[in-house]
Each structure stands twice: as C-alpha cells, then as structure tokens.
Amino acid sequence: MTYIFDFGWLAEYYPQILKGVLTTLQLIAVGAVLGISLGIFCAWARALGPSWLKPVVATYVELIRNTPFLIQLFFIFFGLPSLGLQLGELTAANIAMVVNLGAYSCEIIRAGIQATPKGQFEAGASLAMTPFETFRHVVLVPSLQRIWPALSSQVVIVMLGSSVVSQIAAEDLTFAANFIQSRTFRAFEAYIVSTLIYLCLAILLRQVLVVVGGFIFPRRAAR
Amino acid sequence: MIEFSTWDILRNLLLATRWTILLSLVSFVGGGAVGLLLLFLRISKRKAARAFAKYYIELFQGTPLLMQLFLAFFGLGLFGVDVPAWLAAGMALVLWTASFLAEIWRGCVESIARGQWEASASLGMGRLQQMRYVILPQALKIAVPPTVGFSVQVVKGTALTSIIGFVELSKAGTVVTNATFQPFTVYGLVALIYFALCWPLSKSSQILERKLNVAHRNH
C-alpha cells in the first residue's frame, strides 16, 4: 500500500469541523428534549389516553418505526413543500429527529408505564387525584427512571443517525467531512477524523445522560 | 414533458426494491455469521479475545453507519482496488449488523443459568461442545424475537447505502423524483414499501416474544 496519510488539512479546516460538531449537538439537544416530550405524551395517550387517540398514536408510532430515517427526512424536506409547507434544512432536520425519537421513546416509556404496579394508580385514585394527576405526580417519574438506560441508548442512536441530515444540506459534522473531502481529496482521513469525533460524542452523550438521569431522579423509586 | 402515471413510479420503485431485499438478506446472513464469531470471542476465556470483541462492538455501535459506509467505500479504495458501491455497502452492513447481533446474542447466552454450564462441564464436555449441545439450543429460543426485531434495523439501514451510490429503493426514489418532480408521491410510496417490508418483521417479533413469554410462565 503506497498511500500516505495526510492530516495537514486539519489546521485549515478545523473551524468547519467545529461548526459541524456544534450543529450536530444543537440537533440532538433539540431532538432529545422535544422528542422525549413528544414520547411522553404519546406514551400517555397509548397507555391511558382517550380511546379515539390510541389508534392515531399507534399508527404514527408504527409508521415511523418501520421506515428509514432518511426517507422520513426526504419526505419532510422534499415532499412537504408540495403541500405548501416550505422548511429550511435545519428546521426540517430538527422536525425529522423529533418525530423519529418521539415514536421510539413512546414505546420505551410506555413499557415503563405498564410496569407500574396497579396499586400506584389505585393509591392515586384513593387520594382523590384525577387519572391525569396520578399520571403526572405518581406514575411518570418512576416510569421514566425505570427505562432511563434504554431511553439514553435511543438518544445516542438518534444522534448517530443524525449524520444523514447532511443529505439535505444541513451543515452537521458529516456535512463538514463531505465538504473537506471535496476540497482536499483526503476522503479517508476526513471520514476517520469525523468518525472518531462521533465516537467521542456518543461516549460523552451517554455520560451526560447518566448525569441528567441522576439530576431528574435523585431518589430511588419506591417499588 | 413526459407524463408519469403513479403506476410508472410504483413499478420502478418495486424493481429497485429487489436490491433492498437482496442487500438486507446478504447483510443479515453475513452479519449473523460474523456476529456468531464475535459472540464466541466475547464470551471466550481469553482476555484478549473478550477485549477485542468488546471494543469492536463499542466501535461499530458508537459510530454512525453512514460513516462506516464512507470509510468502507473510500478506505478499500486506498488499497488500489476499484470498489463498487455494492461491495462497500455489503461489507459495511455485514460488519455493522454483526456488532449488534453479537451483543443481542450475548445477552441471551448469559441469561442461561450458570448451572447449565457447570452441569455440562461435569459431563466432561469441552467449551465448544457445551455451546453446541447445551447452551445454544436454549439461548436460540430466547434469541429469536430480538433477532427478528433487529432485522428491521438492517432493512432500514440499507437505505443509507443510497448515499454512496448503491441503487436500491431509496436511490430509486431520488432518481424517480428527479424525473417526475413529484417528491410527495414518490417518497410517500417509498416509505410505504419500506413499511410493507418492515412491519411484518416487527409484528412477528412481537408475536414471537409473547408466545415465548407464555411458554416461560408455564414452566
């Protein structure tokens, strides 16, 4: 093999990479907060919500979980404008990630809600709480705590999946790598560097989520 | 301008679906074989083998599949080989699938009670014999639902190969959109075809899981 590795371009192009990393972080921050919120709502709707809402949410969840993220992204970015809904590439990427994580976290959180002992609901009701108050004050936090590790993994998966938003020209880390390789013709090096950054981001994100978990769930859930 | 009927669009998409299915099958079977090898390394008695498998899994699960595809596409080229997209796509997907299947199966193998290992060891079985005759037959039963469930991820993963230029369903969607200027219809149909491929797999995974749980409760 006569190929000589050259990372000299890093000196010139590191601002692009930095900008890409920041965009990726922004995407996953918005995606995680709104996506998990949407997931909580959908999980409530599917487990305890009104009967007309259940099939609607179920259809949404099944549709998203059984189609590739790339196609969801293309549908939102290229497809929706023909309905008169024109979106910028970052907005489209954000929406796609929220919708995607919403569906996956719905199923994860629902599992947490369903693992709640029946007595908790009954105890809430006996304190004259409405079903929604019981959900809000009694059921929700321990349910989230139960499935927090699974939810964290899903957030990391969505962060890694966000690399495809470069395909609609959202300027994330992968976009930066593509840009650099088209300028320097150092494709392998550019992708190796960004792959390693993704690996670090994944490890970092997992740690952040552990810390966030410790913050939201200071006490051990009563079982 | 040529007019395209919905049937024209659908026919072209369905023709490209063949390649999505073929690539999914290759990735799943290849990934299964490499995954089994990784599983043996992961639960081996040798520390180095365990560490290798652990870092392999960490690396492939901790980086985007898209990056792995790019690296396979451009990395193989470094050796002076002209890499066709299908080869890079197949290779990256096999390695990626293997890392997930190995980890799923490890969970299944470790859920087998310790006593089973000890009992088979006391019958004088070697490590391979223990796996072949005692552990794997039991682990297999637990492993089927999550494995079928993961196959959905493989089918969806093949969509990314369109980005390195492998012509399958997603790429066909882009090509057809560029010809017809009907992104809403085309990507809607593409999504529906993926759904038709993945949903039966998801559903059967759920059903298998329920069946298995029932069997478990009766014991």
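Residues numbered from 1 in each chain as written. Chains lettered and ligands numbered in written order. Predicted model: local features only at pLDDT ≥ 70, side-chain atom pairs only at ≥ 80, totals over all residues. Heavy atoms only, no water.

1. Some details on a positive patch on the surface
All names here are of chain B.
Next up, step 1: Together, Lys45, Lys47, Arg50, Arg114 and Arg127 make up a region of like positive charge exposed at the surface.
Next up, step 2: Mapped onto the elements of the fold, Arg127 is located in helix 6 (residues 127-157).
Next up, step 3: Owing to a relative accessible area of 33%, Arg127 belongs among the partly exposed residues under this scheme. (Patch = residues over 30% accessible without salt bridge, like charges linked within 9 Å, V, L, I, M, F, W, Y side chains within 5 Å. Areas by Shrake-Rupley, 256 points an atom, 1.4 Å probe, with all protein chains shown as cover. Salt bridge = Lys/Arg side-chain N within 4 Å of Asp/Glu carboxyl O. Lys, Arg positive; Asp, Glu negative; His and termini not counted. Charge placed at Lys NZ, Arg CZ, Asp CG, Glu CD. Helix = DSSP H or I, 4+ residues; strand = E, 2+ residues; numbered from the N terminus. Buried < 20%, exposed > 50% of the residue type's maximum accessible area, 1.4 Å probe, protein only.)

2. Observations concerning the side chain of Arg46 of chain A
Residues and elements named next belong to chain A.
Next up, step 1: Looking at the element boundaries, Arg46 is found in helix 1 (residues 9-47).
Next up, step 2: Overall, Arg46 belongs to the buried group, its relative accessible area being 18%.
Next up, step 3: Reaching out from Arg46, the side chain makes a polar contact with the side chain of Glu107 at a distance of 2.6 Å.
Next up, step 4: Here Arg46 is in contact with Lys54, Val57, Ala58, Val61, Cys106, Glu107 and Arg110, once residues within four sequence places are set aside. (Polar contact = N/O pair within 3.5 Å; in protein donor to acceptor, adjacent residues only side chain to side chain. Contact = heavy atoms within 4.5 Å.)

3. Points about the interface of chain A and chain B
Next up, step 1: Counting from both sides, the interface comprises 39 residues of chain A and, opposite them, 35 residues of chain B.
Next up, step 2: Interface area, chain A with chain B, both sides summed: about 3,200 Å², of which 77% is carbon and sulfur.
Next up, step 3: Scanning the region where chain A abuts chain B turns up one salt bridge.
Next up, step 4: Residue Glu58 of chain B is joined to Arg206 of chain A by a salt bridge in which the shortest nitrogen-to-oxygen separation is 3.7 Å.
Next up, step 5: One can count four residue pairs in polar contact (both at pLDDT 80 or more) joining chain A with chain B.
Next up, step 6: Of all elements in the fold, only helix 2 (53-65), helix 3 (69-79), helix 7 (173-184) and helix 8 (187-216) of chain A reach the threshold of two or more residues within the side of chain A that touches chain B.
Next up, step 7: The element that contributes the greatest number of residues to the side of chain A that touches chain B is helix 8 of chain A, accounting for eleven residues.
Next up, step 8: For the side of chain A that touches chain B, the per-class residue count stands at 24 nonpolar, twelve polar and three charged. (Buried area = accessible area lost by both parts, 1.4 Å probe. Nonpolar A, V, L, I, M, F, W, Y, C, P; charged D, E, K, R; others polar.)

4. What to know about the packing of aromatic side chains
Residues and elements named next belong to chain A.
Next up, step 1: Under the counting rule described, the total for this entry stands at 22 aromatic pairs over all chains.
Next up, step 2: Look at Phe77 and Phe78: their rings are 5.1 Å apart centre to centre, the planes differ by 75 degrees, and that puts the pair in the edge-to-face class.
Next up, step 3: Accessibility expressed as a relative area gives 33% for Phe78, which makes it partly exposed.
Next up, step 4: Where Trp148 meets Phe217, the ring centres are 5.6 Å apart and the plane angle is 75 degrees; that geometry is what we call edge-to-face. (Phe/Tyr/Trp six-rings, centres within 6.5 Å; stacked < 30°, edge-to-face > 60°.)

5. Some points on the side chain of Asn66 of chain A
Next up, step 1: Looking at where Asn66 of chain A falls in the secondary structure, it is placed in the loop between helix 2 and helix 3.
Next up, step 2: Residue Asn66 of chain A is classed as buried on the basis of its relative accessible area of 1%.
Next up, step 3: If we skip the residues at most four places from it in the chain, Asn66 of chain A touches Val152, Lys156, Tyr194, Phe195, Cys198, Trp199 and Ser202 of chain B.

6. Brief notes about a nonpolar patch on the surface
Next up, step 1: Where nonpolar side chains cluster on the molecular surface, the patch consists of Leu204, Val208, Val212, Phe215 and Ile216 of chain A and spans about 480 Å² of accessible area.
Next up, step 2: For Val212 of chain A, the location among the structural elements is in helix 8.

7. Observations regarding the pattern of salt bridges
All names here are of chain A.
Next up, step 1: The tally for this structure, following the rule as stated, stands at eight salt bridges over all chains.
Next up, step 2: We note a salt bridge from Lys19 to Glu171, for which the minimum N-O separation is 2.5 Å. One end of the pair, Lys19, is in helix 1; the other, Glu171, is in the loop between helix 6 (131-161) and helix 7, and 152 residues separate them in sequence.
Next up, step 3: The salt bridge partner of Arg110 is Glu107, with a shortest N-O separation of 3.2 Å. Of this pair, Arg110 and Glu107 both sit in helix 4 (residues 89-114), three residues apart, roughly one helical turn. One exposure class covers both Arg110 and Glu107, and it is buried.
Next up, step 4: Each of the salt bridges in this network shares a partner with another, and the network as a whole consists of Asp6, Arg186 and Glu189.

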